[in-house]
Amino acid sequence: MSSVNGRTAVITGAGSGIGQATARRLARHGCPVALADWNEDGLEETAASISGPVMTKKLDVRDRQGVMAFAASVKEWAPQPLGLVFNNAGVTVLQGVADASPEDDQWVLDVNFHGVVNGVTSFLPILLEQRSGVIVNTSSVFGLVGFPHQSAYCASKFAVRGYTEALRHELRGTGVRAAVVHPGGVKTNIVSNARFRADFRGDHQDVESAAREFATIARTSPERAAKIIHEGVEKQRSRIRVGPDAVALDLLVRFAPSRYYDIVERLEGLVRRG
Ligand SMILES: NC(=O)c1ccc[n+]([C@@H]2O[C@H](COP(=O)([O-])OP(=O)(O)OC[C@H]3O[C@@H](n4cnc5c(N)ncnc54)[C@H](O)[C@@H]3O)[C@@H](O)[C@H]2O)c1
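The written sequence of each chain sets the order in which its residues are numbered from 1. Local features in a predicted model are, by the rule used here, given only for residues with pLDDT of at least 70; side-chain atom pairs are given and counted only at 80 or more, and totals for whole chains, interfaces and linings are based on all residues. No hydrogens and no water enter the side-chain calculation; it runs on all heavy atoms of the structure.

Enquirer: Even after reading the chapter, I still don't get helix 2 (residues 40-48), so can you show me in this structure?
Expert: Think of an α-helix as 3.6 residues a turn; residues three or four steps apart then line up on the same face. Exposed residues in this analysis have more than 50% of their type's maximum accessible area, buried residues have under 20%, and partly exposed residues fall in between, with area computed by a 1.4 Å probe over protein chains only. Segments assigned H or I by DSSP are reported as helices when at least four residues long, segments assigned E as strands when at least two residues long, and all are numbered from the N terminus. If you check which residues of helix 2 are buried, you get Gly42, Leu43, Thr46 and Ala47. Projected down its long axis, helix 2 shows its buried positions confined to an angular sector of 135°, all on one face. Exposed and facing more than 90 degrees away from the buried side of helix 2 are Asp41 and Ala48. Contact definition: two residues touch when any of their heavy atoms are within 4.5 Å. Lining the buried residues of helix 2 we find helix 1 (17-28), strand 2 (33-37) and strand 3 (54-58). Distance and chemistry together define a polar contact, namely a pair of N or O atoms within 3.5 Å, with one atom able to donate a hydrogen and the other to accept it when in protein, and with adjacent residues in sequence counting only for side-chain atoms on both sides. Taking the backbone nitrogen of Asp41 as reference, a side-chain oxygen 3.1 Å away marks Asn39 as the first, capping residue of helix 2. What the arc measures is the spread of directions leading from the helix axis to the C-beta atoms.

Enquirer: Any chance you could explain the site of the ligand here in plain terms?
Expert: Taken together, 30 residues lie near the ligand, and Ser16, Asp37, Tyr153, Val186 and Thr188 sit nearest. Taking Tyr153, its side chain carries an N or O atom lying 2.6 Å from an oxygen atom of the ligand. Compared with its free state, where it exposes 830 Å², the ligand has 97% of that area covered by protein. Counting only elements with at least two residues in the shell around the ligand, the list comes to helix 1 and helix 5 (151-170). Polarity classes work like this: nonpolar for Ala, Val, Leu, Ile, Met, Phe, Trp, Tyr, Cys and Pro, charged for Asp, Glu, Lys and Arg, and polar for all others, with Gly in that last group. Classifying every residue of the shell around the ligand gives twelve nonpolar, 15 polar and three charged. Here a residue counts as near a molecule or strand whenever at least one of its heavy atoms sits within 4 Å of it. Per-residue and other accessible areas were derived by the Shrake-Rupley procedure at a 1.4 Å probe size, with only the shown protein chains allowed to occlude residues.

Enquirer: What am I meant to see in helix 7 (residues 222-234) here?
Expert: Taking 1.5 Å per residue as the helical rise, helix 7 with its 13 residues ought to reach 18 Å, and the 18 Å between its terminal C-alpha atoms agrees with that figure. Buried within helix 7 we find Pro222, Ala225, Ala226, Ile228, Ile229, His230, Gly232 and Val233. Elements that come into contact with the buried residues of helix 7 comprise helix 1, strand 4 (82-87), strand 6 (133-138), strand 7 (176-183) and strand 9 (239-242). At the exit of helix 7 stands Gln236, carrying a positive phi of roughly 60°. Expected span, for any helix, means 1.5 Å times one less than how many residues it has.

Enquirer: Any chance you could explain the packing of helix 3 (residues 64-77) against helix 4 (residues 102-130) here in plain terms?
Expert: How two helices sit against one another is set out by the angle between their axes and by the gap between those axes. Here an axis means a line fitted to C-alpha atoms, over the contact stretch when the element is a helix, while the angle between two N-to-C directions is reported on a 0 to 180 degree scale. Between helix 3 and helix 4, the least distance of the axes is 8 Å, while the angle of their chain directions is 30°. If you check the angle between helix 3 and helix 4, you find them roughly parallel. Crossing handedness for the pair helix 3 and helix 4: right-handed. Residue-level inspection shows Arg64, Val67, Met68, Phe70, Ala71, Val74 and Lys75 of helix 3 in contact with helix 4, the latter providing Asn118, Gly119, Thr121, Ser122, Phe123, Ile126 and Glu129. In terms of residue class, the contact of helix 3 with helix 4 is built from seven nonpolar, four polar and three charged. The cut-offs work like this: below 35 degrees is roughly parallel, past 145 is roughly antiparallel, 65 to 115 is roughly perpendicular, and the gaps in between are oblique. Crossing handedness is defined as follows: a turn of the near helix away from the far one that is anticlockwise and smaller than a right angle gives a left-handed crossing, while the clockwise case is right-handed.

Enquirer: I'm lost on the pairing of strand 4 in this one. Help?
Expert: Counting buried positions over the six residues of strand 4 gives six, a clear majority of the element. What makes two strands pair is DSSP finding at least two bridges between them. Pairing geometry for strand 1 (residues 8-12) and strand 4, over four bridges, is parallel. When the bridges of strand 4 are listed, Thr8 appears paired with Leu82. With four bridges joining them, strand 4 and strand 6 adopt parallel strand pairing. By the bridge assignment for strand 6, Phe86 is matched with Val136.

In C-alpha cells form, the structure reads like this:
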C-alpha cells in the first residue's frame, strides 16, 4: 500500500468540480472515501458514481462542531487507516473593495479559510495519533497573486497558503505531512456558485454571464486537476500547482513581484483581442 492509494480519504466540497473528480479518482485507486458538502444533491451524485466504500455527510465547513463530529464518525467508519484529508470546499464573490458587501466578504473568509482550519484541527489529532497521513488544503493561483474584484477570495487563499506552510513546518518529525494546492482556472461551478455584485471590467450584469466567460477562460478539466493533485500528493510535493496558467503566474510573480499585474493586463488584452 502506498502512502496514498488504498487509504481512507476525506474530501470536503465533494459535490462538484475538483472535489467530485478527486473523490472519483481516489475511489478508483482503492481509497474508501468520506465525502462532505453542503449541497446534498451534488454529494449524492458523487457517491452514486463511486463503486467502492463511500460515506457522505451534508456539512457546512464553517460549522466547527459539525466538522468535529464528522471527523469522529469518519474515524469510526474508516475501513482503512486515514491517509488523506482534502480541505477543498470553497466559494467566491465578485465585487470591488470600494462597494463590497461586508457579509459577502465574511462568507468567503469563513468558508475558504475558517472551513480549512476546522478541517485541519478536527482531523489532525487522528493523523498525529497514527503518525501518518497527508493534509491537503486548497488555496488558488489567487493565493499567489492579487486580482481585482477578488479581494476577499485572494485574502482567504493567501491565508490558506500561509496557514498550511506554517503547519507543514510544525509537522516535521511527526509522520504527518501538509500540502497546499494552487489551481489555475479549472472548468467547474466555482463562478456559477459565486455571489455577484460587479466584475472588474463591468462586462457582466449577472453571475450567469460571468460564469459563461469563465468557462471559456478556464482551460483545465476537473479530472485533469484531480490527476495533478493526486500525483503531487503521491510524489510528496508540498506545493501543487494545477494547470499551465498556475505555473506561469507562479513564475511571473517571482520575476516581477510588484509589476506582475501590468504584464497580466497586457497578456489579457492580447488574448481578448484574439
Ligand atoms: N475552479 C477554479 O478555477 C479554481 C481555481 C483555484 C482554486 N479553486 C478552489 O478549488 C476548490 C474547489 O472548487 P471548484 O472549482 O471545484 O468549485 P465548485 O463550486 O464546483 O465546488 C465547490 C464545492 O464546495 C461546496 N461548498 C461551498 N461552500 C461550502 C460549505 N460552506 N460547506 C461545505 N461545502 C461547501 C459547494 O457546494 C461545491 O460542491 C475551492 O476551494 C476553490 O476555491 C478553484
